[in-house]
Amino acid sequence: MKIAVMGAAGRMGRELVKTLATIQGCQIAGGIERAGSPWIGQDIGRVADIGDVGVPVTDDALALIAQVEAVLDFTTPAVSVEIAGLAANARIVHVIGTTGLQDEHMAAIKAAARHATIVQAGNMSLGVNLLLGLTRKIAAALDQDYDIEIVEMHHKHKVDAPSGTALMLGEAAAQGRNVDLANRGVRVRDGHTGARTAGDIGFATLRGGSVIGDHTVIFAGEGERIAISHLASDRSIYSRGAVKAALWARGKSPGLYSMADVLGL
């Protein structure tokens, strides 16, 4: 499968290139960077520190996307919307791991999915997506006698809290309980807060060191607790999930898919 990488010189772009080089059935078909990038014209393998692969980085997304079967995209919301339109015109697979997508971005992506095969997820890790599915099922199986708390820890440089993945887990729990997270989520506790309200979904945020991403969902009942966790120790889990999504989407009908679809959940 001929696959191109958006933002090829970025941290995730380089991880994607490294992963593509190791997975059978994939061909690194190109890399795209912004106009004026010093990486334009450089071999994409050299950019990713895996040695020359004979494929240059370009700033001509339109020309490259017309020649490939899929594009992997961990960039910015505006760029992802633009690439979704190009993918629709080319009738190819577009895997979107970009975070921070707002309603207007998703509306444009859904429109592009009428012609492109798009897999979009806020977290491409296979393990995290299994955790999401389990959270939804457990929340549906247990009543409000079991309090739900979501604990996440990331490195000290992370600027947002709770993490996007923690919020996805909160949404999964809310879906399982058939409630609105916006009304039942509790993100901050400080001072004299009073007793916990039954049915709330709580969040706790930890920051420190170089932690890539740890997430735990706790279901706390009378006399017992159930805890399910995902611990990330290597950023390549996200790139491997994205490549798996692209391979899965090959030959699928146009539409907007999730990692739950990829995993058969």
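Residues numbered from 1 in each chain as written. Predicted model: local features only at pLDDT ≥ 70, side-chain atom pairs only at ≥ 80, totals over all residues. Heavy atoms only, no water.

(A) Highlighting the overall build of the protein chain. Looking only at helices and strands, the protein chain features ten helices and twelve strands. In terms of overall size, the protein chain behaves like a compact globule, its C-alpha atoms giving a radius of gyration of 20 Å where 265 residues would be expected to give roughly 18 Å. Expressed along its principal axes, the backbone C-alpha trace of the protein chain runs to roughly 60 × 40 × 30 Å. Put simply, the protein chain has 265 residues, and 48% of those count as buried. (Helix = DSSP H or I, 4+ residues; strand = E, 2+ residues; numbered from the N terminus. Rg over C-alpha atoms; globule rule 2.2 N^0.38 Å. Buried < 20%, exposed > 50% of the residue type's maximum accessible area, 1.4 Å probe, protein only.)

(B) Spotlight on the sheet that holds strand β10 (residues 213–221). Within the open sheet, the five strands sit side by side as β8-β9-β7-β10-β11. Their pairing is mixed. The two strands at the open ends of the sheet, each matched to only one other strand, are β8 (185–186) and β11 (224–232). For strand β7 (residues 147–154) and β10, the ladder comprises seven bridges, and the chain directions are antiparallel. Following the sheet pairing, I150 is matched in β10 by V217. Against the sheet, helix α6 (residues 126–141) touches β7, β10 and β11, its axis set at about 165° to β11. (Pairing = 2+ DSSP bridges. Contact = heavy atoms within 4.5 Å. Axes fitted to C-alpha atoms, helices over the stretch in contact; angles between N-to-C directions.)

(C) Spatial organisation of the pattern of salt bridges. For the structure shown, the criterion picks out nine salt bridges. Across the pair D52 and R46 runs a salt bridge, and its minimum N-O distance is 3.0 Å. Between R196 and D147 there is a salt bridge, with its nearest N and O atoms 3.3 Å apart. One end of the pair, R196, is in the loop between β8 and β9 (201–207); the other, D147, is in strand β7, with 49 residues separating them in the sequence. Each of the salt bridges in this network shares a partner with another, and the network as a whole consists of D147, E149, R189 and R196. (Salt bridge = Lys/Arg side-chain N within 4 Å of Asp/Glu carboxyl O.)

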